[in-house]
Amino acid sequence: MKSELEPEEYENTKKETLEELASFERALKEFKGLDVILMDNVQRAMQDVQNAIKSSVNTQEIRRNFDDIAATKIREQLKQVERNFNLGKIDKPTFIKQSLLLIEELSSTGAVLTTEEQQFLDVNTGKTNFVGTKRGDVDDRVLKIAEGKIKEAN
């Protein structure tokens, strides 16, 4: 069902559902005080509502959304670095260094690198199938390889 909805529509539906569940939970609390015999059933229903609320907030889904947003922003930064290089605002070593850092950061979000991004890494680091890890783990190694390649080219 989620795939059939627009992201905004999905979020609105999700919000409305959570509000309805919260309202239902309040009503159950009111009923709980009225009749001791219903107490067990009400408690069970309240627990079911709380479990439904907890399961509706999928942290993995939220993380994936943040990673997708981060990947988009990193790719925008990468385009800006390329524009700056093409306009002569930065030199080639700076362009390569900044691009490598951004591509590494992009990879650390779990985003699949485009063919162009992978080729840039291959050419400027001599590595293939680059897979980023935690930020900073590969920075120095990648930059040293890139600096060596730049010096060779000059």
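Cut-offs applied
- Residues numbered from 1 in each chain as written.
- Predicted model: local features only at pLDDT ≥ 70, side-chain atom pairs only at ≥ 80, totals over all residues.
- Heavy atoms only, no water.
- Helix = DSSP H or I, 4+ residues; strand = E, 2+ residues; numbered from the N terminus.
- Buried < 20%, exposed > 50% of the residue type's maximum accessible area, 1.4 Å probe, protein only.
- Contact = heavy atoms within 4.5 Å.
- Areas by Shrake-Rupley, 256 points an atom, 1.4 Å probe, with all protein chains shown as cover.
- Core = buried A, V, L, I, M, F, W, Y, C linked by side-chain atoms within 4.5 Å.
- Phe/Tyr/Trp six-rings, centres within 6.5 Å; stacked < 30°, edge-to-face > 60°.
- Polar contact = N/O pair within 3.5 Å; in protein donor to acceptor, adjacent residues only side chain to side chain.

**Student:** How should I be thinking about the overall build of the chain in this particular structure?
**Tutor:** Secondary structure summary: the chain contains six helices and zero strands in total. Reading the secondary structure of the chain in the N-to-C direction produces α-α-α-α-α-α. Within the chain, buried positions represent 27% of all 154 residues. Within the chain, contacts between residues separated by at least 24 positions form 52% of all contacts whose residues are at least 6 apart in sequence. Of the roughly 11100 Å² that the chain leaves accessible, carbon and sulfur atoms contribute 51%.

**Student:** How should the nonpolar core be read in this particular structure?
**Tutor:** For soluble globular proteins, the rule of thumb is that nonpolar side chains tend to be buried together. If you look at the biggest cluster of nonpolar residues, it comprises 15 residues, and the most contacted ones within it are F95, I96, I103 and F120. Breaking this core down by element, the ones donating at least two residues are α3 (59-86), α4 (92-108) and α5 (115-125). With six residues, the single largest contributor to this core is α4.

**Student:** In this structure, what is going on with the packing of aromatic side chains? I would like to understand it.
**Tutor:** Two aromatic rings are characterised by how far apart their centres lie and by the angle between their planes. With the rule as written, the count across this model stands at two aromatic pairs. For the pair F85 and F95, a centre-to-centre distance of 4.5 Å together with 15 degrees between the ring planes defines the contact as stacked. One end of the pair, F85, is in helix α3; the other, F95, is in helix α4, with 10 residues separating them in the sequence. Look at F95 and you get buried, because its relative accessible area is 12%.

**Student:** Help me out: how do you make sense of the side chain of T109 in this one?
**Tutor:** Note on placement: T109 falls in the loop between α4 and α5. A distance of 2.6 Å separates the side chain of T109 from the backbone oxygen of L106, its partner in a polar contact. Separated by 3.3 Å, the side chain of T109 and the backbone nitrogen of A111 make a polar contact. Not counting residues within four places of it along the chain, the set of residues in contact with T109 comprises D67, A70, A71 and I74.

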